[in-house]
Amino acid sequence: MKRYGPEYWDKYGTYRTPIAFHLSLLILLRAYFIWIIAALSRRPELDLMSLVFRSKSDFFSALAIGAIAIIPAVVFCLRRPQKNAASAARFARIWRFMRWPLLVCAAIDLSWLVIQAAHSYYQFSMFLALQMVTVLWVLLYLAKSRYLTVFFNDWPDPETDNKRH
């Protein structure tokens, strides 16, 4: 039984993805997005990576932390009706638990940001403070959202062949 009304459903009869979920993925995978933007800019006078990360080890740490959120992001990209009922059931079982890797990723990310602040002797940095606030928001959102509980328990039904002849 659906907990929210039809205004929350997409064309497949599953719950729509909340915008905050997309923003959460963007925040948790920000190192990958910055890396892609820096690779695409190809401007040597603008070293985007050095503006965001103090050292290569900080960059690789951010990539490692963000890697935890890649699996839920990939499964989310596959969240559409499957042709095979067995694969739909398998993905539904996997999707049900994808909130936990996102929570772990957000908690580790916030811890890493606090460690970075400690290494700079808690000297105020606007960039670090903004990251800490947004990651804290993601952590609270993933932990407290009632809609996400329903969203992670919902998977599209397998496709049916309703071809007219």
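Identification of the chain as DUF2919 domain-containing protein from Pseudoalteromonas haloplanktis is taken from an unreviewed UniProt entry.

**Q** What's the story with the UniProt feature "transmembrane region" (unreviewed entry) in the chain in this structure? I'm lost.
**A** On the UniProt side, "transmembrane region" (unreviewed entry) is annotated at positions that read residues 20-39, 59-78, 98-115 and 121-143 here. The span residues 20-39 shows a helical share of 95% and a strand share of 0%, and its end C-alpha atoms are spaced 27 Å apart. Span residues 121-143 is 78% helix and 0% strand, its end C-alpha atoms 30 Å apart.

**Q** Would you mind showing me how to read the pattern of salt bridges here?
**A** A side chain with one charge can pair with a side chain of the opposite charge if their charged atoms come near. In total, this model carries three salt bridges according to the counting rule given. Between D58 and R54 there is a salt bridge; the shortest N-O distance is 3.7 Å. Linking R79 and D154 is a salt bridge whose minimum nitrogen-to-oxygen distance equals 3.8 Å. Taken together, the residues span a long stretch of sequence, with R79 in the loop between α5 (70-77) and α6 (85-95) and D154 in the segment after α9 (146-152) at a distance of 75 residues.

**Q** I keep staring at α5 and nothing clicks. Help me out?
**A** Structurally, the α-helix is built with 3.6 residues per turn, so residues lying three or four positions apart point the same way. Along α5, the residues that are buried comprise P72, A73, V75 and F76. Looking down the long axis of α5, one finds its buried residues gathered within 165° of arc, a one-sided arrangement. For α5, the exposed residues set more than 90 degrees away from the buried face come down to I71 and C77. At its buried positions, α5 is contacted by α1 (19-28), α6, α7 (99-119) and α9.

**Q** Explain a nonpolar patch on the surface here, please?
**A** Side chains of I19, L23, L26, F33, I36, L40 and W137 sit close together on the surface and give an oily, nonpolar patch of about 710 Å² of accessible area. When contributions to the nonpolar patch are tallied by element, the ones reaching two or more residues are α1 and α2 (30-41). Relative to the helices and strands, I36 resides in helix α2.

**Q** What's the story with the environment of W95 in this structure? I'm lost.
**A** Residue position: W95 is located in helix α6. Sequence separation of W95 and F152 is 57 residues, and the distance between their C-alpha atoms is 6.2 Å. Discounting chain neighbours no more than four positions away, the residues touching W95 are F21, P72, V75, F76, R79, F151, F152, D154 and W155.

**Q** Where do I start with the packing of α1 against helix α8 (residues 126-144) in this structure?
**A** When two helices pack together, their arrangement is given by the angle between the helix axes and the distance between those axes. Orientation of α1 relative to α8, taken along the N-to-C sense of each, is 135°, at an axis distance of 10 Å. Considering the angle they form, α1 stands oblique to α8. Considering only the axes of α1 and α8, their crossing is left-handed. Residues A20, F21, S24, I27 and L28 of α1 touch α8, and the partners they reach there are T134, V135, W137, V138, Y141 and L142. Tallied by class, the residues present in the contact of α1 with α8 amount to nine nonpolar, two polar and no charged.

What counts and what doesn't
- Residues numbered from 1 in each chain as written.
- Predicted model: local features only at pLDDT ≥ 70, side-chain atom pairs only at ≥ 80, totals over all residues.
- Heavy atoms only, no water.
- UniProt positions renumbered as here; feature names shortened; annotations may be inferred.
- Helix = DSSP H or I, 4+ residues; strand = E, 2+ residues; numbered from the N terminus.
- Salt bridge = Lys/Arg side-chain N within 4 Å of Asp/Glu carboxyl O.
- Buried < 20%, exposed > 50% of the residue type's maximum accessible area, 1.4 Å probe, protein only.
- Arc of directions from axis to C-beta.
- Contact = heavy atoms within 4.5 Å.
- Patch = residues over 30% accessible without salt bridge, like charges linked within 9 Å, V, L, I, M, F, W, Y side chains within 5 Å.
- Areas by Shrake-Rupley, 256 points an atom, 1.4 Å probe, with all protein chains shown as cover.
- Axes fitted to C-alpha atoms, helices over the stretch in contact; angles between N-to-C directions.
- Parallel < 35°, antiparallel > 145°, perpendicular 65-115°, else oblique.
- Left-handed = near helix turned anticlockwise from the far one by under 90°.
- Nonpolar A, V, L, I, M, F, W, Y, C, P; charged D, E, K, R; others polar.

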